Amino acid sequence: MRQYIIAGNWKMNKTVSESVILAKQIVDAVKDIKNTEVVIAPTFLAAAKVADVVKGTNVKLAVQDVHWKDQGAFTGKVSIDMVKEIGAEYVIIGHSEQRQYFHETEESVNLKVKKTLSAGLKPIICIGETLEQRNGGILESVLTTQIEGAYKDLSADEALKTVIAYEPVWAIGTGVVATDEQAQDTQAFVRSVMKNIYGESVSEAVRIQYGGSMKPDNAKGLLAQKDIDGGLIGGAALKSDSFFAIIAAAEAQ
Ligand code: PGA
């Protein structure tokens, strides 16, 4: 049985003080959640303060990116040691916004994934197609390229420590959610690509989240799908009640 993982990606939202308030609300809301892994990803600036809030609770900390070099002259970047020191467990890597706006490539995703794993943290690897790619019939090749790129030179043991977030770009922040069937079919395909690379036991163990306009009213149907093991939530993670409703939907499966 794969454990559900619900992660809130706060993106460039919330000041440090607002982040602390939201983190406290979430910690309080989920204290009786036993079976679902709950993760929040504030901005880098708020991460250390939020780390203090979630310490010793059942909420885990993620950050939204990391650089692949250990240290040095990389203005504006944050290293894995910095992230590790504050107690983060997860790193979101390859989000479509990073790919679209900040020149993230298959190579940089792979470097960041390797650096994250080498420090003992777990990558949440984001993949997904644009509407043009889906309509153009290249959905499967786009996802295969992204998966093969992200997992290049990774062992099966390393692959087991990763989480995949399938996020159709056309569903992110748009309010247009993939149907249960579209998400299930695509995520089954993602699992089949993992099976081709690593074999059945790894592909059956790796968790695949759905992301893209997941909300309290559609979470239940999506999370009921066989190959959907959680969610990467943007907009609905910015309020504790809607984030909690999604977590409760996972917990009730
Ligand atoms: P959304 O964002 O829930 O606001 O669509 C999801 C994401 O980008 O991770």
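Higher on the page you've got the structure.
Caption draft 1: A look at the sheet that holds strand β1 (residues 5-9). Spatially, 8 strands are ordered β1-β2-β3-β4-β5-β6-β7-β8 in a closed barrel, and the strand pairing comes out parallel. Strand-to-strand twist of the sheet, defined as the mean angle between neighbouring strand axes without regard to direction, takes the value 25 degrees. The sheet contact formed by strand β7 (residues 207-211) and strand β8 (residues 230-233) spans 2 bridges and is parallel. Bridge pairing links Tyr210 to Gly231 in β8. On top of the sheet, helix α5 (residues 106-118) reaches β4 (90-93) and β5 (122-127); it is set at about 160 degrees to β5, its chief contact. Running at roughly 145 degrees to β7, helix α9 (residues 180-198) makes contact with β5, β6 (163-166) and β7 of the sheet.

Caption draft 2: Broad picture of α9. For α9, with 19 residues, the first-to-last C-alpha span of 26 Å sits near the 27 Å given by 1.5 Å per residue. Looking at α9, one finds that the buried residues are Ala183, Gln184, Thr186, Gln187, Phe189, Val190, Arg191, Val193, Met194 and Tyr198. Gly199 occupies a position one or two residues after α9 and carries a positive phi of about 90 degrees.

Caption draft 3: Summary view of the site of the ligand. Taken together, 13 residues sit near the ligand, with Lys11, His95, Glu167, Gly173 and Ser213 positioned nearest. Between an oxygen atom of the ligand and a side-chain N or O atom of His95, the distance comes to 2.7 Å. The contact in question runs from an oxygen atom of the ligand to an N or O atom on the backbone of Gly234, over 2.8 Å. Here the residues of the shell around the ligand are counted per class, giving 4 nonpolar, 7 polar and 2 charged.

Calculation criteria
- Residues numbered from 1 in each chain as written.
- Predicted model: local features only at pLDDT ≥ 70, side-chain atom pairs only at ≥ 80, totals over all residues.
- Heavy atoms only, no water.
- Pairing = 2+ DSSP bridges.
- Helix = DSSP H or I, 4+ residues; strand = E, 2+ residues; numbered from the N terminus.
- Axes fitted to C-alpha atoms, helices over the stretch in contact; angles between N-to-C directions.
- Contact = heavy atoms within 4.5 Å.
- Expected span 1.5 Å × (residues − 1).
- Buried < 20%, exposed > 50% of the residue type's maximum accessible area, 1.4 Å probe, protein only.
- Near = heavy atom within 4 Å.
- Polar contact = N/O pair within 3.5 Å; in protein donor to acceptor, adjacent residues only side chain to side chain.
- Nonpolar A, V, L, I, M, F, W, Y, C, P; charged D, E, K, R; others polar.

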